[in-house]
Amino acid sequence: MDKNKYFELLGKTFQSTEEIVSEIINLKAILNLPKGTEHFVSDLHGEYDAFQHLLRNASGNIKEKINDLFHQTLTSKEQKELATLVYYPELRLARIEHELSATWYKETIDQLIQLTRLSATKYTRSKVRKTLPKRFSYIIEELLYQNIATNDKKDYYDQIINDVIQLRQAQPLIIDLSYTIQQLAIDHLHVVGDIYDRGPAPDKIVEALIEYHSVDVQWGNHDIIWMGAASGSAICMMNVIRICARYNNLSIIEDAYGINLRPLLTYAEKYYLDNPAFRPKLASDDHVSKENLDETTKMHQAAAILQFKLEEQLVRRRPEFDMEHRLLLSNTNFQTQEVLIHGKLYPLENTCFATVNPERPDEITPEEHDLIEHLLSNFVNSEKLRRHLNFLMKKGSMYLVYNENLLIHGCIPLQSDGSFKGMTLNGKTYAGKSLLDYFETSLRAAYKEPHITQDYNTDLIWYLWSGECSSLFGKKEMTTFERYFIADKVTHTEEKNVYYELREDEAVIRQLLKEFDLNGDDSHIINGHTPIKEVKGEDPIKANGKMIVIDGGFSKPYQKTTGLAGYTLLYNSYGMQLVAHKAFSSIEHILSQHDDVLSIRRVVDRPVDRKKVSDTTVGAQLKTEIQDLVGLLAYSSLGDF
Ligand SMILES: O=P(O)(O)OC[C@H]1O[C@](O)(COP(=O)(O)O)[C@@H](O)[C@@H]1O
Ligand SMILES: [Mn+2]
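As recorded in an unreviewed UniProt entry, the protein goes by the name Fructose-1,6-bisphosphatase class 3, listed as coming from Vagococcus silagei. Among the UniProt annotations of the protein, the heading Catalytic activity (unreviewed entry) holds the following wording: "beta-D-fructose 1,6-bisphosphate + H2O = beta-D-fructose 6-phosphate + phosphate". Listed in UniProt under the heading Sequence similarities (unreviewed entry), the comment for the protein reads: "Belongs to the FBPase class 3 family."

S.K.: Give a detailed account of the sheet that holds strand β5 (residues 338–341), specifying residues and quantitative values.
M.R.: Pairing in this open sheet of three strands is antiparallel, and the strands run β4-β5-β6 from one edge to the other. The outermost strands of the open sheet, each flanked by one partner alone, are β4 (332–333) and β6 (344–347). Here β5 runs beside β6; their pairing, made up of four bridges, is antiparallel. From the neighbouring strand, Leu340 faces β6, where its bridge partner is Leu345.

S.K.: Describe the environment of Gln454, with residues and values.
M.R.: By the secondary structure assignment, Gln454 is in the loop between α20 (433–448) and α21 (456–466). On the basis of neighbour count, Gln454 is assigned to the partly exposed category, with 15 C-beta atoms found within 10 Å.

S.K.: Explain the sheet that holds strand β12 (residues 525–527) residue by residue, including any values.
M.R.: Pairing between the strands of a sheet comes from backbone hydrogen bonds, and it takes one of two forms, parallel or antiparallel. Spatial strand order, β8-β9-β12-β14-β13: five strands in an open sheet with mixed pairing. Strands at the two margins of the open sheet, each flanked by one partner only, are β8 (399–402) and β13 (541–542). As judged from the three bridges shared by strand β9 (residues 405–408) and β12, these two strands associate in the parallel manner. The partner of Leu406 across the bridge, within β12, is Ile525.

S.K.: Summarise α20; cite the residues concerned and give the values.
M.R.: With 16 residues, α20 ought to run about 22 Å at 1.5 Å a step, and its terminal C-alpha atoms sit 23 Å apart, in line with that. Along α20, the residues that are buried comprise Leu435, Leu436, Phe439, Ser442, Leu443, Ala446 and Tyr447. Looking straight down α20, one finds its buried side chains confined to an arc of 135 degrees; they lie on one side. Looking at α20, the residues exposed on the side facing more than 90 degrees away from the buried face are Thr441 and Lys448. The elements touched by buried residues of α20 are α13 (221–230), α19 (383–395), β8, β10 (423–425), β11 (428–430) and α21.

S.K.: So, the nonpolar core: which residues are in play, and what are the values?
M.R.: The biggest cluster of nonpolar side chains holds 154 residues, and the ones touching the most others in it are Met237, Ile461 and Leu569. Each of domain 2 (56–185) and domain 3 (202–490) gives at least three residues to this core. Excluding anything up to four places from it in sequence, Met237 contacts Ala229, Leu375, Leu376 and Phe379.

S.K.: Hey, could you go over unusual backbone geometry for me, with residue numbers and the actual values?
M.R.: At Gln337, a residue that is not glycine, the phi angle is positive and equals roughly 55 degrees. Relative to the helices and strands, Gln337 resides in the loop between β4 and β5. On the basis of neighbour count, Gln337 is assigned to the partly exposed category, with 13 C-beta atoms found within 10 Å. For Asp517, which is not glycine, the phi dihedral falls at a positive 65 degrees. Among the structural elements, Asp517 can be located in the loop between α24 (506–515) and β12.

The rules behind each value
- Residues numbered from 1 in each chain as written.
- Chains lettered and ligands numbered in written order.
- Predicted model: local features only at pLDDT ≥ 70, side-chain atom pairs only at ≥ 80, totals over all residues.
- UniProt positions renumbered as here; feature names shortened; annotations may be inferred.
- Pairing = 2+ DSSP bridges.
- Helix = DSSP H or I, 4+ residues; strand = E, 2+ residues; numbered from the N terminus.
- Buried ≥ 20, exposed ≤ 12 C-beta atoms within 10 Å, placed from the backbone.
- Expected span 1.5 Å × (residues − 1).
- Arc of directions from axis to C-beta.
- Contact = placed C-beta atoms within 7 Å.
- Core = buried A, V, L, I, M, F, W, Y, C linked by C-beta atoms within 7 Å.
- Domains from an automatic or database assignment.

Right under this line is the structure:
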């Protein structure tokens, strides 16, 4: 844009030169504040309760602040009770209703004000003001910035608190202060992928993220299939349905997103019977009737077989995806019930091939065609699903460079010598950053055109789910068919890309970071995707501290193999802290036991100077803004403004 035109536009947001000057002063002051705390979480997998608990306790940050302030005045039990109050103010107040007194209110409000003040030290007054709840902003500001130098003032503050209590506003004030503390504890949240699948409430997680004050998302392979479904990819949609059925979560599709699955049930009941391989995995608190279980088992089979048929079509349609080894229906002998995989014959069990034409296993019947069209139009037209995925599009990306770190859910596909594994797409070969950029551009294009359903971009979303060179998947092939129908577990193995070995090596990580222009000593790669098997002694901090894997381990069905719930990461002005979490049991458990055990470990790189906002990504944006405002000031002094 023409510079003068730009200044004219920019000038419209200011009433006077003084306003521009004070904005410049304000922004410059912000640059000198300590860097805000970033919170990294990943692999939430629909576990809303565990996730919202993390947001409330800021991965232990609030507990640390309570300890800093009160280690000499409160017992460990009192500190824990105060923490529970900050996390769940309404529920905690209701629980101790009979113990509440004017003295308790006074002490508690005082403690919460101290906590708010400590949490606010990193922010400008104006930012804190914006965070404060409207209804008490005046009172809280008075209390926050009090200076009890004289007795008169002390009387004045006591009077405010007394009035609050007398006017029966103590509880609302405590509640508001608690949420303010939660919000101030974290400046920015990163979700390193896999919000969806396995757990019961991904929709509630997305709603919470939409409401969150500052957040970005790096897409995970389990997010991408939902985006695929909403982009018009029938195979992604079938996979979404299949996974929901497998984890007994079809209600996410039906109730949360209002997509009617009755036509699928009607179809499934016609062709499928009970089948042990397709009975849903039940969570410990799932109570399901026999009838319901039966229905889900049938829909699970229908979705799986339709997915396999559609996969045959897609693999043939896209030879450049190099997925011929996934043509398993074509390699099945329907008479002998055997399948040929990588040159070896395996017997099949629990088969359900009633709808498969042995001559043309990729054939979709007219009935199936109508069913798919119908379901797809429901997915594409679900208003709520679109709103949620629009959010993922707006705040999400394939990878993110933020404050000198590279955030990516899965991997950067590599070859065994450490060089980038390339892929030829539309006649051109891409590798490393350019491959990831291509994937992102293609996905965005597909999402924009949900009514175009079998084009290259839409098909590529399937590749992102399960293709060898997908940065979100990072394995040779996905053995879904084998897991259902073949007993020999050897066939279930999914060989990981060599990235997952090489990422232990600092030199490799430095090389990868370089690809993203990250050459400094303070850069790290932050991955999700692979659960850390702590039981087997695996360390989430790799490559001499340059590589951190924070699969949150929220996915309950996976906790047996990981040995604990998983990890999150905090990055404040002093450096990074890895937080290990125990499995989240229930809110009730936290309220009754105050049991919120997490262990915190510093990611020791090297001693660093305390980081300021000016050293961050946001700082860089602010510097540009300051430059523009200085330019605007000069422009306006010429009299053109
Ligand atoms: O254990 P499930 O849910 O049946 O799924 C197994 C599939 O999930 C995957 O692990 C992908 O999911 P993740 O991204 O959570 O690892 C596949 O590699 C595998 O085939
Ligand atoms: Mn994943």
